Amino acid sequence: MAESLIHSSNHPSILLKRSESPMEVLAAITNLIVAVMDYPLGWLLALPRDVAIVLLAIGTSLLLTLVRRWTTNQDQLRRSKGDLRRLKQLLRERKRAKDKAAVVATRTSLGMVNAIRLKAEGKPLLVSLLPIILLAVWAVERLDYFPPRVGEDLIVKAYYPLSSVDQLTHLVPPAGVEMQSPAVQLVEVDPHGQQNGLATWVLRPIAPLAADLLIRHQGETAVHPVRVGGRVYAPPLCAGSGNRILATETVLRQARFLGIVPGVPALALPPWLIAYLIIVIPFVPILRRVLRVY
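Because the structure is a prediction, the values reported are computed rather than measured.

**Student:** Can you explain the overall build of the protein? Please cite residues and give values.
**Tutor:** Counting its secondary structure elements, the protein contains eight helices and 10 strands. In terms of C-alpha radius of gyration, the protein reaches 26 Å, well past the compact-globule figure of 19 Å for 294 residues. With respect to the three principal axes, the spread of C-alpha positions in the protein is 85 × 40 × 40 Å. A buried classification covers 39% of the 294 residues belonging to the protein.

Structural data, given as structure tokens:
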């Protein structure tokens, strides 16, 4: 539930009440980064998700390539690349000639040239780190899921301690939402793991919506923000009210590149990130070759 505590601070009232919490401070920083990055990148959200991921990946590849050009001695790297090619050729020739002393000397020279090239990698990596972090934070909050749509059912879940099982809980829907399941429900044992209680509601938004869902249980109220019919979605997982409501969740459709590229849940890698890496990793050397960046 740690992730849910981070997302919960997207609600301003929580930040005002307990701003000293490290998780909430982190969430506030995340919200600030996302809000700032929406200015240069928000237009991507108007495009099909696959196109947005491709453009973001290509843009990242171009950024990494240009940063390398600006922060390294390109003439030195160009000459060192030629030196490596020649030294490798000499090494093969001297191995065939069985000249051990020459082989050792060539390997020493190769090591010196590789050390020069390795040293040049540090500055581009350092300079690229900040923009890559900003891009990653924005993409995690904007590209991981599809926003809920008007007219489509939206599943809302709330999680409780086992002591709340068989007790009543109540969802207060905002205006513009039709309930497809009873608003008042009994808390049941969560069938997945059976370590907590669970209540599930089905809502159908009938108009664009940016509001809070209120979930009440035994004198406590959890607030879950929801956005429907726009370009962005509210965090799907939020903190609960404290003791009686552990967390709340809206079940959103996760974005998969071409509808097939999976994520790696064991490593906390969502599907969009796998597709992003599949594009960036080969595209960087392609751009470096096209733009003659060494």
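That was the structure; now back to the text.
**Student:** Which residues make up unusual backbone geometry, and what are the values?
**Tutor:** For Lys98, which is not glycine, the phi torsion reads 60 degrees and is therefore positive. Looking at where Lys98 falls in the secondary structure, it is placed in the loop between α5 (74–96) and α6 (100–119). The backbone of Leu258 sits at a positive phi, close to 60 degrees, despite the residue not being glycine. Secondary-structure assignment places Leu258 in the loop between β10 (247–251) and α8 (271–290). According to the relative accessible area criterion, Leu258 is exposed, its value standing at 57%.

**Student:** Talk me through the sheet that holds strand β8 (residues 220–228); I want residue IDs and the actual numbers.
**Tutor:** Taken in spatial order, the four strands make up an open sheet running β4-β2-β7-β8, and their pairing is antiparallel. The two strands at the open ends of the sheet, each matched to only one other strand, are β4 (184–186) and β8. The sheet shows a mean angle of 25 degrees between the axes of neighbouring strands, taken without regard to direction. Here strand β2 (residues 168–172) pairs with strand β7 (residues 209–217) via three bridges, running antiparallel. Counted as the bridge partner of Val172 is Leu214 from β7.

**Student:** Any chance you could break down the packing of aromatic side chains for me, citing the residues and the numbers?
**Tutor:** Scanning the entire structure with this criterion turns up two aromatic pairs. Seen in terms of ring centroids, Tyr145 and Tyr233 are 5.7 Å apart; in terms of plane orientation they differ by 85 degrees. Their pairing is edge-to-face. You can see Tyr145 sitting in the loop between α7 (122–142) and β1 (154–160) and its partner Tyr233 sitting in the loop between β8 and β9 (237–239), a full 88 residues away along the chain. The pair Tyr145 / Tyr233 is uniform in exposure class, with both members buried.

**Student:** Provide a residue-level description of the pairing of β2, including the pertinent values.
**Tutor:** Residue alternation in β2 divides its side chains into a buried set, Thr169 and Leu171, and an unburied set, Leu168, His170 and Val172. Two elements, β2 and β4, share three bridges in a ladder whose sense is antiparallel. Note that in β4 the partner of Thr169 across the bridge is Gln185.

**Student:** For the packing of helix α4 (residues 49–71) against α7, give the residues involved together with the corresponding values.
**Tutor:** Put simply, α4 and α7 touch, their axes get as near as 9 Å, and they point 165 degrees apart. For the element pair α4 / α7, the angle class is roughly antiparallel. Our pair here, α4 against α7, has a crossing hand that is right-handed. Facing Arg49, Leu56, Thr60, Leu63, Leu64, Val67, Arg68 and Thr71 of α4, the residues of α7 in contact are Lys123, Pro124, Val127, Ser128, Pro131, Ile132, Leu135, Ala139 and Arg142. Residue classes in the contact of α4 with α7 are distributed as 10 nonpolar, three polar and four charged.

**Student:** How would you sum up the nonpolar core? Please name residues and give values.
**Tutor:** Membership of the largest hydrophobic core comes to 25 residues, with the highest contact counts inside it found for Leu41, Ile53, Leu56, Trp138, Leu143, Trp272 and Tyr276. Where this core is concerned, the elements lending two or more residues are α3 (22–41), α4, α7 and α8. Core analysis: the second largest hydrophobic core is formed by 20 residues, Val187, Trp201, Val228 and Leu252 among them.

Rules used in this analysis
Residues numbered from 1 in each chain as written. Predicted model: local features only at pLDDT ≥ 70, side-chain atom pairs only at ≥ 80, totals over all residues. Heavy atoms only, no water. Helix = DSSP H or I, 4+ residues; strand = E, 2+ residues; numbered from the N terminus. Rg over C-alpha atoms; globule rule 2.2 N^0.38 Å. Buried < 20%, exposed > 50% of the residue type's maximum accessible area, 1.4 Å probe, protein only. Pairing = 2+ DSSP bridges. Axes fitted to C-alpha atoms, helices over the stretch in contact; angles between N-to-C directions. Phe/Tyr/Trp six-rings, centres within 6.5 Å; stacked < 30°, edge-to-face > 60°. Parallel < 35°, antiparallel > 145°, perpendicular 65-115°, else oblique. Left-handed = near helix turned anticlockwise from the far one by under 90°. Contact = heavy atoms within 4.5 Å. Nonpolar A, V, L, I, M, F, W, Y, C, P; charged D, E, K, R; others polar. Core = buried A, V, L, I, M, F, W, Y, C linked by side-chain atoms within 4.5 Å.

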